[in-house]
Amino acid sequence: MRAFALDSFGVPGSVRELPAPAPVDGQVLVRVRAAGVNPFDAVVAQGYIKDLMEHRFPLVPGHDAAGVIEAVGDGVEHLAVGDEVFGAVGKPYLGEGTYAQATTMSAGSVWLKPSSLDFAQAAAVPLSGATALTLLDAVALGAGERVLVLGASGGVGSFLVQLAAQRRAQVVGVCSGPNLAYARGLGAAEVIDYTTGDVGEAVRSCHPDGIDAIIDLVGDKTALTALSEQLRPGGRVASAVDAADVEELAKRGIPATNVASWLTSEQLAQLTRWLEDGTLRLPETRAVGLEDAADALAKIATKHTRGKLVLAIS
């Protein structure tokens, strides 16, 4: 099979021929039609978490995808060959990812693809959508509460802003100037351009009584700790990029969580229901080919991608 792979950390990868995998117990083999490109993929490629998880080389990046099941391992009863699915690899190690024509995926992190979505659209959903759900649960966001979303126009932000607004929260989205209208269109009640001034001062000016929660999708620990000064009593913090200083914030009575999203089929089922009934809409999505995987990784690493970037794989 053709796959994009790296031979070591921090070096450009390449598209090459690799042996096709075979599913073991509890897995399905998926012919990948499209793969999501996520900031986590760039983190893996640079070796930033090499001491936290096992990595296998040649390392094929990619966490989520949409495609067609070609084989089913023992113990899988609710999925069959020919099913069109989307989801995540769900493995306790990295390197057998989705930037490839085929990959194995845990049956517990796969769901039937929404019929209304093509493969590229479906590949934009799993990791970003599930992470948004996990973050909202982490801060227990309720109706009428005010939440500051750092990185409101990215892949996770595109889902999170919508879901928070649907919970009748007041979303204050932070992004760059060209993305302000996009964040408003997702449901942000207010937007802040972080390139034109201090975000903390902007929040303080508009909301002198404070905010109820901060959700971080950017990863600047110093900035996040400073912004926590804007929280009301009972305020909460959650980060998807390990930027919450949990111990320091706890000293000030602020519950904080660094979210690690383990995608489940139950989350995919919920996202499917919302996508099909119109409660949730897709982020702006751009597809590039597998041969452009190296450029896609470099772009996603900048953290300035609006909406979702996916690889279209034949």
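See the structure printed just above.
Residues numbered from 1 in each chain as written. Predicted model: local features only at pLDDT ≥ 70, side-chain atom pairs only at ≥ 80, totals over all residues. Heavy atoms only, no water.

(A) Examining helix α6 (residues 199–206) more closely. What α6 keeps buried is the set V199, G200 and V203. The buried residues of α6 occupy one face: seen down the axis, they fall within an arc of 100°. Away from its buried face, by an angle of more than 90 degrees, α6 presents the exposed residues E201 and S205. Buried-residue contacts for α6 involve β10 (146–150), β11 (170–175), β12 (190–193), β13 (211–216) and α7 (221–227). Two or three places before G200, at the start of α6, stands the capping residue D198, its side-chain oxygen 3.1 Å from that residue's backbone nitrogen. (Buried < 20%, exposed > 50% of the residue type's maximum accessible area, 1.4 Å probe, protein only. Helix = DSSP H or I, 4+ residues; strand = E, 2+ residues; numbered from the N terminus. Arc of directions from axis to C-beta. Contact = heavy atoms within 4.5 Å. Polar contact = N/O pair within 3.5 Å; in protein donor to acceptor, adjacent residues only side chain to side chain.)

(B) Structural detail: unusual backbone geometry. That bond from F57 to P58 is cis: its omega, -5°, falls within 30 degrees of zero. You can see P58 is positioned in strand β4 (residues 54–60). One non-glycine residue, R168, lies in positive phi territory at about 65°. Residue placement: R168 occurs in the loop between α4 (155–166) and β11. Given the relative accessible area of 61%, R168 is considered exposed.

(C) Structural view of the packing of helix α3 (residues 126–139) against α4. Interhelical geometry of α3 versus α4 gives an angle of 50° and a closest axis separation of 8 Å. When the interaxial angle is binned, α3 and α4 end up oblique. Our pair here, α3 against α4, has a crossing hand that is right-handed. Of the residues in α4, those touching α3 at S128, G129, T131, A132, L133, L135 and L136 are G155, V156, F159, L160, L163 and A164. Grouping the constituent residues of the contact of α3 with α4 by class yields 9 nonpolar, 4 polar and no charged. (Axes fitted to C-alpha atoms, helices over the stretch in contact; angles between N-to-C directions. Parallel < 35°, antiparallel > 145°, perpendicular 65-115°, else oblique. Left-handed = near helix turned anticlockwise from the far one by under 90°. Nonpolar A, V, L, I, M, F, W, Y, C, P; charged D, E, K, R; others polar.)

(D) Focus on helix α10 (residues 293–301). Those residues of α10 lying buried are A293, A296, L297 and I300. The arc that holds the buried residues of α10, viewed along the axis, is 100°, so those residues lie on one side. Those residues of α10 hidden inside the fold are in contact with β1 (2–5), β3 (27–37), α1 (39–45), β16 (285–289) and β17 (308–312). Residue K303 follows α10 closely and has a positive phi angle near 65°.

(E) Inspection of the pairing of β10 at higher detail. β10 sits mainly inside the fold: 5 of its 5 residues count as buried. Sheet analysis places β10 next to β11, joined by 5 bridges and oriented parallel. Within β11, the position partnered with V147 by the bridge is V171. Between the parallel pair β10 and β11, the chain is carried across by α4, and the sense of this crossover is right-handed. Here β10 pairs with β13 via 4 bridges, running parallel. Bridge pairing in β13 places L150 opposite D216. (Pairing = 2+ DSSP bridges. Right-handed = clockwise from strand over helix to strand, strands pointing away.)

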